[in-house]
Amino acid sequence: MKYICDNLGIDRRDIKACFRTGSIMKNAEGISTPRSLVVVMVDVDTAQYWHDNGKGYRVEGTDFWINPDLCRADRHAHFLVREQRRNGMKEFLVHQKSSQS
């Protein structure tokens, strides 16, 4: 938790819990790659403050990103919206191409 507070500027009182996810992996050179760090905030408003930029918030001067923690249902719903948008664009392009012919 000290790492998060020191490097990201998040107040310790705003953090409910934190933990690393996944297993330690090594790249082609044999160097360990960093694992994702999950931070659970004390309330929704605090979490929203840190990731109110849509995809996430990049901490200036670092390689840290703070992304919203979505449950499986939310991730699936967002996926369906993206799929619908892609399919709509495909249909639009096909229709536009056929009307030009």
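Structure: above.
All values derive from a computational prediction rather than experimental measurement. (Residues numbered from 1 in each chain as written. Predicted model: local features only at pLDDT ≥ 70, side-chain atom pairs only at ≥ 80, totals over all residues. Heavy atoms only, no water.)

Enquirer: Talk me through the overall build of the chain; I want residue IDs and the actual numbers.
Expert: Scanning the chain from N- to C-terminus turns up 3 helices and 6 strands. Listing each helix as α and each strand as β along the chain from the N terminus yields α-β-β-β-β-α-β-β-α. The buried share among the 101 residues of the chain stands at 13%. The contacts of the chain with a sequence gap of at least 6 include a subset with a gap of at least 24, amounting to 31%. (Helix = DSSP H or I, 4+ residues; strand = E, 2+ residues; numbered from the N terminus. Buried < 20%, exposed > 50% of the residue type's maximum accessible area, 1.4 Å probe, protein only. Contact = heavy atoms within 4.5 Å.)

Enquirer: Could you give an account of the pattern of salt bridges, naming the residues involved and the relevant values?
Expert: Overall, the coordinates contain 3 salt bridges when judged by the stated rule. In this structure, aspartate 11 and arginine 13 form a salt bridge, with 2.5 Å as the shortest nitrogen-oxygen distance. Take aspartate 11: its relative accessible area is 29%, and that puts it in the partly exposed class. (Salt bridge = Lys/Arg side-chain N within 4 Å of Asp/Glu carboxyl O.)

Enquirer: Pulling in residues and values, what's your account of a nonpolar patch on the surface?
Expert: Taken together, Met89, Phe92 and Leu93 make up a surface patch of nonpolar side chains, about 310 Å² in accessible area. Among the structural elements, methionine 89 can be located in helix 3 (residues 72–100). (Patch = residues over 30% accessible without salt bridge, like charges linked within 9 Å, V, L, I, M, F, W, Y side chains within 5 Å. Areas by Shrake-Rupley, 256 points an atom, 1.4 Å probe, with all protein chains shown as cover.)

Enquirer: Please give an account of the nonpolar core that cites residues and values.
Expert: If you look at the biggest cluster of nonpolar residues, it comprises 7 residues: Ile4, Cys5, Leu8, Ile10, Ile15, Met41 and Trp50. The dominant element in this core, judged by the number of residues it contributes, is helix 1 (residues 2–8), at 3 residues. (Core = buried A, V, L, I, M, F, W, Y, C linked by side-chain atoms within 4.5 Å.)

Spatial relationships are all this shows, so hold off on functional conclusions.
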